[in-house]
Amino acid sequence: MQIVNLQIAPTSVKPVVHVSQSDVGRQFQLRLFDGAVAYSLPSGTTARIDGIKPDKEGFSYSDATSISGNTI
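Residues numbered from 1 in each chain as written. Predicted model: local features only at pLDDT ≥ 70, side-chain atom pairs only at ≥ 80, totals over all residues. Heavy atoms only, no water.

So, on to the overall build of the chain. The secondary structure content of the chain amounts to zero helices and five strands. Seen in sequence order, the chain has helices and strands lined up from the N terminus as β-β-β-β-β. Principal-axis analysis of the C-alpha atoms gives the chain an extent of 35 × 30 × 20 Å. The burial tally for the chain puts 14% of its 72 residues in the buried class. Long-range contacts, defined as pairs at least 24 residues apart, comprise 59% of the intrachain contacts of the chain with a sequence gap of at least 6. For the chain, the accessible surface area stands at approximately 5900 Å², while carbon and sulfur atoms represent 52% of it. (Helix = DSSP H or I, 4+ residues; strand = E, 2+ residues; numbered from the N terminus. Buried < 20%, exposed > 50% of the residue type's maximum accessible area, 1.4 Å probe, protein only. Contact = heavy atoms within 4.5 Å. Areas by Shrake-Rupley, 256 points an atom, 1.4 Å probe, with all protein chains shown as cover.)

Ordered by their spatial adjacency, three strands build an open sheet running 1-2-3, and the pairing between neighbours is mixed. Every interior strand has two partners, whereas the edge strands, strand 1 (2-7) and strand 3 (37-38), have only one. (Pairing = 2+ DSSP bridges.)

Judged by nonpolar contacts, Val4, Leu6, Leu30, Leu32 and Leu41 together constitute the single largest core of five residues. Breaking this core down by element, the ones donating at least two residues are strand 1 and strand 2 (28-34). (Core = buried A, V, L, I, M, F, W, Y, C linked by side-chain atoms within 4.5 Å.)

Within this structure, the stated rule accounts for one salt bridge. Here Arg48 ties to Asp50 by a salt bridge, and the two come within 3.0 Å at their closest N and O atoms. For Arg48, a relative accessible area of 57% gives the class exposed. (Salt bridge = Lys/Arg side-chain N within 4 Å of Asp/Glu carboxyl O.)

This part is about the pairing of strand 4 (residues 49-52). Here strand 4 pairs with strand 5 (residues 58-61) via four bridges, running antiparallel. From the neighbouring strand, Ile49 faces strand 5, where its bridge partner is Tyr61. The loop that links strand 4 with its antiparallel partner strand 5 comprises five residues; one of these, Lys56, has a positive phi angle of about 75°.

This is how it looks when you write it as structure tokens:
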């Protein structure tokens with residue numbers, strides 16, 4: 001499982017996680033931070049991951065996500 005630390009504060013640098021098209025079954029653990037402080041998501045929050053493939057086609061994924069504290 002790949003762990004990725006993400007800043008929720010707006011910055012000019014967007015987080016990037018590189019994957020290949022044939023990358024099936026890969027799991028990520030996303031940890032959210034506001035500066036140096038772990039950001040705990042409010043209860044009832046849901047998660048969705050949006051992305052852009054190299055061919056510039058977009059995708060959205062919201063299945064099989066769980067949230068605990070600052071970790072998705």
